[in-house]
Amino acid sequence: MRNDDSLNTRLIYLHGFNSSPESQKAQNLIQFIAKEFADDQEQGRLDLHVPALPHKPARAIAMLENLIREETAATVLIGSSLGGFYSIYLAQDFPCKVILINPLVTLQHDASTDFLGKHINPYSGETFEIVQEDAEALGQMEVTEIKHQENYFLLLESGDQVLDYRLALEKLPQARHKVIQGGSHRFDSFAKLLPEIMQFAGFSLDRNHAVTADEMQDKQEH
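Thresholds applied
Residues numbered from 1 in each chain as written. Predicted model: local features only at pLDDT ≥ 70, side-chain atom pairs only at ≥ 80, totals over all residues. Heavy atoms only, no water. Salt bridge = Lys/Arg side-chain N within 4 Å of Asp/Glu carboxyl O. Helix = DSSP H or I, 4+ residues; strand = E, 2+ residues; numbered from the N terminus. Buried < 20%, exposed > 50% of the residue type's maximum accessible area, 1.4 Å probe, protein only. Polar contact = N/O pair within 3.5 Å; in protein donor to acceptor, adjacent residues only side chain to side chain. Contact = heavy atoms within 4.5 Å.

(A) Highlighting the pattern of salt bridges. As enumerated under the stated definition, the model contains seven salt bridges in all. Among the salt bridges present, the one from Lys56 reaches Asp134, with a minimum N-O distance of 2.8 Å. Residue Lys56 is located in the loop between β2 (46–49) and α3 (57–69), and its partner Asp134 is located in helix α5 (residues 132–140); the two are separated by 78 residues in the primary sequence. Among the residues examined, Asp134 registers a relative accessible area of 11% and is labelled buried. Glu142 is the partner of Lys171 in a salt bridge, and the nearest nitrogen-oxygen pair spans 3.7 Å. Taken as a pair, Lys171 in helix α6 (residues 165–171) and Glu142 in the loop between α5 and β7 (152–157) lie far apart in primary sequence, 29 residues in all. On the basis of relative accessibility, which here comes to 16%, the residue Lys171 falls in the buried class. Because the salt bridges share partners, they merge into one network encompassing Arg176, Lys178 and Glu196.

In structure tokens:
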């Protein structure tokens, strides 16, 4: 149930590099919302988007900008890894809440070149290539000073073997954050933190609202 149903909320999940809406975290989110927030979806208070992002950074950003501009609903971005990098970039121009999951926050030491080369998407089997032009486009998206850090919720696992979680803490010192010891780049704690993630997005699992008047009367009589 939404904390304040005066505004509709559009929740957009941005998966990481060479990932997919079929990834575990994306599916966990889809299933959790379908189970716990079905009424909010049916009544138009919550609109969930889990797009398959283009592999090319410029195309991915263009698609996401168009998606955000489509409606006047409040936007919440959930970005994982490279999706977190995109989320930070987008949030500089679009007012929204941002939830970052083991995010890429900086391209130190020209890390954009790490994406260069041919890749095969493990979900679709699609083959694609990231070229220097793509790396340069990604480099142009890096945000030096992140605005409105109070709108960010940073979720990190210290066992991330791909990205140093401390870089995110340094980049977003004013953001709300939670650091889980251990884990991995996949962010193993995602499923169990979904209630907290949704609460930050403006929704809560208030079980009291699920109790009917008849149930309350029955409790009083016993």
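(B) Focus on the side chain of Asn102. Mapped onto the elements, Asn102 comes out in the loop between β4 (96–101) and β5 (117–120). Engagement of the side chain of Asn102 in a polar contact is seen with the backbone nitrogen of Glu157, the distance being 3.0 Å. Polar side-chain contacts of Asn102 include one of 2.9 Å to the backbone oxygen of Ser184. Non-local contacts of Asn102, meaning those with residues more than four positions away in its chain, are made with Ser81, Leu155, Leu156, Glu157, Asp160, Leu163, Ser184, His185 and Phe187.

(C) Inspection of helix α4 (residues 82–91) at higher detail. Of all 10 residues making up α4, nine are buried, and the element is well covered by its neighbours. All buried positions along α4 are accounted for by Leu82, Gly83, Gly84, Phe85, Tyr86, Ser87, Ile88, Leu90 and Ala91.

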